[in-house]
Amino acid sequence: MLFRSRRAIGLIRRAIDTLTLRWDEAKGVYRDSKIPLDGEERVRCMMRIAFFMKRPEAHTEEVERYAAEYLKLVHLRSADTRSFLREMAQWYGLFVEVGNDSWQFVHRTIQDFLAARFWVEDGRFDPDSVAHWDIRAAYAACLSPDASRSVTKMLKHAKDISAFCECLYNGAPFDPERIAKEFANRLTRLNRFEHTRTENTNIPVQTPAITNENAASF
């Protein structure tokens, strides 16, 4: 039985994998390039760019600087950076040149996912140092081997539970007992319990239904 992921992170990863690693093999296409980097290596360049870009759109000079740093790391300092970027834009269509001499990712979700991968794989992600638990930080938590500390931090300090909901949706790996207690603690702090009762060692809790519209109040 073929499993197909319904989670956002799984779908994004599968799409990028198809575009960058399997397209040539599946279609029998040969792409001529003087830059000897495969699809995975080019994805790693886009990960670096996505992480260091502070806005959805960045000037060409800024983007070329990030790409040049990557080419230097893989010992291709002499490669033409602009040609390299345009190759990736033409081949994969994930990061493209737009008007006013600038570049952007075709969707913010793709940028956040690639940036989160870089954050985690480069060893920079530390839940204790996260200032804002946004979607990018939630993705980083989901990509971590154990997101328990991250989820605990977001439940304690985030203004709302949007990042927490994203972790649940994407199946983040965490200790369920620890996180259940932390979620109950958050509800207690916010006085959001409507009804509790004790049943043996369990304490069922009734709260208002959590939707995208009222998640900010949690």
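Conventions and cut-offs
- Residues numbered from 1 in each chain as written.
- Predicted model: local features only at pLDDT ≥ 70, side-chain atom pairs only at ≥ 80, totals over all residues.
- Heavy atoms only, no water.
- Salt bridge = Lys/Arg side-chain N within 4 Å of Asp/Glu carboxyl O.
- Helix = DSSP H or I, 4+ residues; strand = E, 2+ residues; numbered from the N terminus.
- Buried < 20%, exposed > 50% of the residue type's maximum accessible area, 1.4 Å probe, protein only.
- Pairing = 2+ DSSP bridges.
- Axes fitted to C-alpha atoms, helices over the stretch in contact; angles between N-to-C directions.
- Contact = heavy atoms within 4.5 Å.
- Parallel < 35°, antiparallel > 145°, perpendicular 65-115°, else oblique.

K.L.:
Help me understand the pattern of salt bridges in this model?
P.N.:
A side chain with one charge may pair with a side chain of the opposite charge, provided their charged atoms come close. If you walk through the whole model with that rule in mind, you get 16 salt bridges. Its salt-bridge partner being Arg44, residue Glu121 comes within 2.8 Å of it at the nearest N-O pair. Linking Glu121 in helix α5 (residues 108-121) with Arg44 in helix α2 (residues 39-52), this pair joins segments that are 77 residues apart in sequence. For Asp112, the salt bridge identified is with Arg136, shortest N-O distance 3.1 Å. A residue pair is termed long-range when its members are at least 10 positions apart, and Asp112 in helix α5 and Arg136 in helix α6 (residues 135-143) qualify at 24 residues. Taken individually, Asp112 and Arg136 each receive the classification buried, so the pair is uniform in this respect. The structure contains a network of salt bridges with shared partners spanning Glu40, Arg44, Arg117 and Glu121.

K.L.:
Is there a simple way to explain the sheet that holds strand β2 (residues 95-98) in this structure?
P.N.:
Backbone-to-backbone hydrogen bonds pair the strands of a sheet. The strands run either parallel or antiparallel. Overall, antiparallel pairing links the 3 strands, which are arranged β1-β3-β2 in an open sheet. Since the sheet does not close on itself, it has two edges, and those belong to β1 (57-59) and β2, each with one partner. Recorded for the sheet is a direction-independent mean angle of 30° between the axes of neighbouring strands. Bridge count between β2 and strand β3 (residues 102-105): 4 bridges; the pairing is antiparallel. Its bridge partner lying in β3, Glu97 is registered against Trp103. Here helix α3 (residues 60-73) sits on the sheet and contacts β1, β2 and β3; the angle it forms with β1, its principal contact strand, is near 90°. This element, helix α4 (residues 81-92), spans β2 and β3 of the sheet and lies at about 110° to β2.

K.L.:
What exactly am I supposed to notice about the pairing of β3 here?
P.N.:
Within a regular beta strand, the side chains point alternately toward one face of the sheet and then the other, so they alternate between its two faces. Pairing geometry for β1 and β3, over 3 bridges, is antiparallel. Directly across from Glu57, in β3, lies its bridge partner Gln104. With antiparallel pairing between neighbouring strands as the criterion, β2 and β3 make up a hairpin whose turn holds 3 residues, including Asn100 at a positive phi of roughly 65°.

K.L.:
How do you make sense of the packing of α3 against α4 when you look at a structure like this?
P.N.:
A pair of packed helices is characterised by two quantities: the angle between their axes and the separation of those axes. Two numbers describe how α3 lies on α4: the axes approach to 9 Å, and their chain directions differ by 95°. Taken together, the axes of α3 and α4 lie roughly perpendicular to each other. Of α4, the residues touching α3 (which contributes Thr60, Val63, Glu64, Ala67, Ala68 and Leu71) are Thr81, Arg82, Phe84 and Leu85.

K.L.:
It is not clear to me how the environment of Ser150 should be interpreted in this structure. Could you clarify?
P.N.:
Locating Ser150 in the fold gives a position in helix α7 (residues 148-157). The class for Ser150 is buried, based on a relative accessible area of 2%. Distance from Ser150 to Phe174, taken between C-alpha atoms, is 8.9 Å for residues 24 residues apart in sequence. With residues near it in sequence (within four places) discarded, Ser150 still touches Phe125, Pro127, Trp133 and Ala141.

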